[in-house]
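# Chains, contacts and geometry: an overview
Residues per chain are reported as follows:
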Amino acid sequence: RLAGRDTPGRLVLLDRPAVKLGALAMGVAELLGDKMRRAPDRTVFLGLLARCMSAGVAGAALAPRGKERTGAAIGVATAVPLAYVTFAARKKAMAQIGQTRSGLIEDALVVTAGALIVALSMSRERH
């Protein structure tokens with residue numbers, strides 16, 4: 001939506017500039033924040049809540065029109081278990097290569113996977 005393109009799912013909130021910019025700011029803060037030594041564990045309540053909210057919005061936005069609620073549910077149902085799986089993997093990687101390096105690798109993988117998911121969802125909508 002930041003690029004001015006419609007998503008398959010209809011989400012009125014994503015049409016509001018303040019919401020789009022707020023979501024972008026939260027994403028950037030997350031990318032920077034987890035490199036800090038005092039960063040909270042992603043499985044604490046507030047971390048999971050933020051993850052559920054962003055996954056729900058993303059799932060709804062990328063779902064086919066009329067299936068936004070299902071997309072949101074799938075996004076949340078995927079985000080919660082993955083928070084625990086990726087946290088365990090990240091802890092293991094941190095022990096081997098450090099917090100910053102493991103975080104940068106994790107971010108590269110997540111951003112790449114996210115971009116691929118968005119590209120596939122957007123191309124599916126055009127067909």
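Rules of the game
- Residues numbered from 1 in each chain as written.
- Predicted model: local features only at pLDDT ≥ 70, side-chain atom pairs only at ≥ 80, totals over all residues.
- Heavy atoms only, no water.
- Salt bridge = Lys/Arg side-chain N within 4 Å of Asp/Glu carboxyl O.
- Helix = DSSP H or I, 4+ residues; strand = E, 2+ residues; numbered from the N terminus.
- Buried < 20%, exposed > 50% of the residue type's maximum accessible area, 1.4 Å probe, protein only.
- Polar contact = N/O pair within 3.5 Å; in protein donor to acceptor, adjacent residues only side chain to side chain.
- Contact = heavy atoms within 4.5 Å.

The next subject is the pattern of salt bridges. Here the structure, examined in full by the defined rule, presents two salt bridges. For arginine 90, the salt bridge identified is with glutamate 106, shortest N-O distance 2.9 Å. Remark: glutamate 106 occurs in helix H4 (residues 99–126) and arginine 90 occurs in helix H3 (residues 68–97); sequence separation between them is 16 residues. Bridged by salt links that share partners, the residues Arg42, Arg90 and Glu106 form one connected network.

Within the secondary structure layout, arginine 42 lies in the loop between helix H1 (17–33) and helix H2 (45–62). Classification of arginine 42 by relative accessible area gives buried; the value is 13%. At a separation of 2.8 Å, a polar atom in the side chain of arginine 42 contacts the side chain of threonine 86. In this structure the side chain of arginine 42 is engaged in a polar contact, spanning 2.7 Å, whose partner is the side chain of glutamate 106. Look past the residues within four positions of arginine 42 in its chain and what remains in contact with it is Asp34, Gly47, Leu48, Arg51, Ala83, Thr86, Phe87, Arg90 and Glu106.

Geometry only, nothing functional implied.
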